[in-house]
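# Architecture at a glance
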Amino acid sequence: MSKLPGQRVAILIDGQNIYLSAKARGAKPDYNKIMNAVNGREIVRAIIYNILLDGVDQSKFVYAMESMGYEVRSKRPRTLPDGSFKADWDMQIAIDAIALADKVDVMVILTGDTDFVPLVHALKSKGVKVEVMSFRETTGKELIEAADVYIEITDDMLIHENRPCASSYK
């Protein structure tokens, strides 16, 4: 699929999925470079779904994201009986994607979670082209195959702990 100027694009980021995948590489996502990856197309909405953790000040992160043009949606996770936590953003991401489907030509979804495969098919049935952007090693094969376009997040789209850059945040 070609990336045409004038295409209307929405970017939806499964924040925890992308953050944890980048962290496994000793890095953070460079959300400025990710936004620039739409290559001159019109961004209608860019939303990052964020998890609020007790004792973690995310004000610099939120400010940085909003300064780049992202809408930050945050909520506290619920604790599961085994002590792990879950934020349950998948349903909200799907609802927002369907609500935006008639306003965009392309939906860029940043996640590796195969729970989004039915969403990809639903968007495609509405005539929306779907680009999935993620780390290949943490992305289900089914999600890659379902997308119209798969874009691998590479090292040049990351902020490495030992290589700070202008758009870094702490």
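Our subject in this report is the structure included herewith. (Residues numbered from 1 in each chain as written. Predicted model: local features only at pLDDT ≥ 70, side-chain atom pairs only at ≥ 80, totals over all residues. Heavy atoms only, no water.)

## Focus on the overall build of the protein chain
Within the protein chain, the regular secondary structure consists of six helices and 10 strands. A compact globule built from 170 residues should have a C-alpha radius of gyration of about 15 Å, and the protein chain, at 15 Å, falls within 12% of that. By residue count, 47% of the 170 residues in the protein chain fall in the buried class. In the protein chain, 64% of the contacts between residues at least 6 apart in sequence involve partners at least 24 apart. Counting only carbon and sulfur atoms, one obtains 52% of the accessible surface of the protein chain, whose full area is about 8,700 Å². Side-chain charges in the protein chain split into 22 positive and 24 negative, and the spacing between the mean points of these groups amounts to 2 Å. (Helix = DSSP H or I, 4+ residues; strand = E, 2+ residues; numbered from the N terminus. Rg over C-alpha atoms; globule rule 2.2 N^0.38 Å. Buried < 20%, exposed > 50% of the residue type's maximum accessible area, 1.4 Å probe, protein only. Contact = heavy atoms within 4.5 Å. Areas by Shrake-Rupley, 256 points an atom, 1.4 Å probe, with all protein chains shown as cover. Lys, Arg positive; Asp, Glu negative; His and termini not counted. Charge placed at Lys NZ, Arg CZ, Asp CG, Glu CD.)

## Notes on the nonpolar core
Among the nonpolar cores identified, the biggest contains 29 residues, and Ile 11, Tyr 31, Met 65, Tyr 70, Leu 110 and Met 133 are the most heavily contacted of them. When contributions to this core are tallied by element, the ones reaching two or more residues are strand 1 (8-14), helix 1 (15-23), helix 2 (31-36), strand 3 (42-51), helix 3 (59-68), strand 7 (106-110) and strand 9 (149-152). The dominant element in this core, judged by the number of residues it contributes, is helix 3, at four residues. Setting aside residues up to four positions removed in sequence, Tyr 70 forms contacts with Ile 13, Tyr 31, Ile 34, Met 35, Ala 46, Ile 47, Ile 48 and Met 65. (Core = buried A, V, L, I, M, F, W, Y, C linked by side-chain atoms within 4.5 Å.)

## Details of the pattern of salt bridges
Scanning the model with the defined rule gives 13 salt bridges in all. We note a salt bridge from Asp 155 to Arg 25, for which the minimum N-O separation is 3.0 Å. Here Asp 155, found in the loop between strand 9 and strand 10 (158-160), pairs with Arg 25, found in the loop between helix 1 and strand 2 (27-29); they are 130 residues apart in sequence, far enough to count as distant. For Asp 155, a relative accessible area of 41% puts it in the partly exposed group. Residue classification places Arg 25 among the partly exposed positions, given a relative accessible area of 27%. (Salt bridge = Lys/Arg side-chain N within 4 Å of Asp/Glu carboxyl O.)

## Here's the deal with the pairing of strand 8 (residues 129-134)
Burial runs high along strand 8: five of the six residues are buried. Assessed by its sense of winding, the connection that carries the chain from strand 7 through helix 5 (residues 117-125) to strand 8 is right-handed. Once you follow strand 8 into helix 6 (residues 141-146) and on to strand 9, the crossover reads as right-handed. (Right-handed = clockwise from strand over helix to strand, strands pointing away.)

## Describing the sheet that holds strand 8
Working definition: the strands of a sheet are paired by backbone hydrogen bonds and lie parallel or antiparallel to each other. Reading across the sheet, the six strands line up as 4-3-1-7-8-9 and stay open at both edges, with parallel pairing between neighbours. Two strands in the sheet have a free side with no partner beyond their single neighbour: strand 4 (71-75) and strand 9. Neighbour-to-neighbour, the strand axes of this sheet turn through a mean angle of 15°, independent of strand direction. Where helix 5 meets the sheet, it contacts strand 7 and strand 8, and its direction lies at approximately 150° from that of strand 8. (Pairing = 2+ DSSP bridges. Axes fitted to C-alpha atoms, helices over the stretch in contact; angles between N-to-C directions.)

## Structural notes on the environment of Phe 116
For Phe 116, the position within the fold is in the loop between strand 7 and helix 5. You can call Phe 116 buried: its relative accessible area is 2%. For Phe 116 and Tyr 150, which are 34 residues apart along the polypeptide, the C-alpha to C-alpha distance reads 14 Å. Beyond its immediate stretch of four places on either side in the chain, Phe 116 contacts Asp 14, Asp 90, Ile 93, Thr 111 and Leu 143.

## Digging into a nonpolar patch on the surface
Residues Leu 53, Val 56 and Phe 85 make up a contiguous nonpolar surface patch of roughly 240 Å² in combined accessible area. Tracing the backbone shows Val 56 in the loop between strand 3 and helix 3. Overall, the relative accessible area of 45% leaves Val 56 in the partly exposed class. (Patch = residues over 30% accessible without salt bridge, like charges linked within 9 Å, V, L, I, M, F, W, Y side chains within 5 Å.)

## Thoughts on the packing of helix 4 (residues 90-100) against helix 5
In contact at an axis separation of 10 Å, helix 4 and helix 5 are set at 5° when each is read in the N-to-C sense. In terms of orientation, helix 4 lies roughly parallel with respect to helix 5. Counted together, Ala 94, Ala 97 and Ile 98 of helix 4 and Leu 119, Ala 122 and Leu 123 of helix 5 form the full contact between these two elements. Across the contact of helix 4 with helix 5, the residue classes break down as six nonpolar, no polar and no charged. (Parallel < 35°, antiparallel > 145°, perpendicular 65-115°, else oblique. Nonpolar A, V, L, I, M, F, W, Y, C, P; charged D, E, K, R; others polar.)

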